[in-house]
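Analysis of the macromolecular model
Residue strings, one per chain:
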Amino acid sequence: MQVSTSAYYDGCNSPADHDKSLQDQKLVDSVRQIFTTNKQCFGSRRVADHLQKQGLAVGRFKTRRIMRELKPLRVAC
């Protein structure tokens, strides 16, 4: 296979990409729900706080990236 030993074992120990994409999709759905439920006035810090209270391990910067990718229509608060 011409793969180094360390690369082989690193590949064996890494989580499956499919599981990660499912977790990311769940996170995106949660962010969208929290944002729209709160009249689209929450920023990334408050959304991240709500996600952490729900038991999801996510930081503010990942939340900000997800919100930026969603590009929701902003309304004045």
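Check the entry above for the structure.
Below is a short write-up of the structure.

Scoring rules and cut-offs
Residues numbered from 1 in each chain as written. Predicted model: local features only at pLDDT ≥ 70, side-chain atom pairs only at ≥ 80, totals over all residues. Heavy atoms only, no water. Core = buried A, V, L, I, M, F, W, Y, C linked by side-chain atoms within 4.5 Å. Buried < 20%, exposed > 50% of the residue type's maximum accessible area, 1.4 Å probe, protein only. Helix = DSSP H or I, 4+ residues; strand = E, 2+ residues; numbered from the N terminus. Axes fitted to C-alpha atoms, helices over the stretch in contact; angles between N-to-C directions. Parallel < 35°, antiparallel > 145°, perpendicular 65-115°, else oblique. Left-handed = near helix turned anticlockwise from the far one by under 90°. Contact = heavy atoms within 4.5 Å. Arc of directions from axis to C-beta. Phe/Tyr/Trp six-rings, centres within 6.5 Å; stacked < 30°, edge-to-face > 60°. Lys NZ or Arg CZ within 6 Å of the ring centre and 35° of its normal.

**Let's talk about the nonpolar core**
- Counting 11 residues, the largest nonpolar core is built from Leu-27, Val-28, Val-31, Ile-34, Phe-35, Phe-42, Val-47, Leu-51, Val-58, Ile-66 and Met-67.
- Taken together, the elements giving at least two residues each to this core come down to helix H2 (17-37), helix H3 (44-53) and helix H4 (60-70).
- Looking at which element gives the most residues to this core, the answer is H2, with five residues.

**What about the packing of H3 against H4?**
- The N-to-C vectors of H3 and H4 enclose an angle of 115°; their axes lie 8 Å apart at closest approach. Regarding the angle of H3 to H4, the classification is roughly perpendicular. In this structure, the crossing between H3 and H4 has a hand that is right-handed. On the side of H3, the interface is formed by Ser-44, Arg-45, Val-47, Ala-48 and Leu-51, while H4 contributes Arg-60, Thr-63, Arg-64 and Met-67.

**Examining H4**
- Among the residues of H4, Thr-63, Ile-66 and Met-67 are the ones counted as buried. All buried residues of H4 lie within an arc of 100° about the axis, which places them on one face of the element. In H4, those exposed residues whose orientation departs by more than 90 degrees from the buried face are Phe-61, Arg-68 and Glu-69.
- The first or second residue beyond H4 is Lys-71, which carries a positive phi of 45°.

**As for the packing of aromatic side chains**
- Counted under the stated rule, the structure contains one aromatic pair.
- Ring geometry for Tyr-8 versus Tyr-9: centroids 5.1 Å apart, planes at 80°, classification edge-to-face.
- The side chain of Arg-60 reaches across the aromatic face of Phe-61, ending 4.4 Å from its centre.

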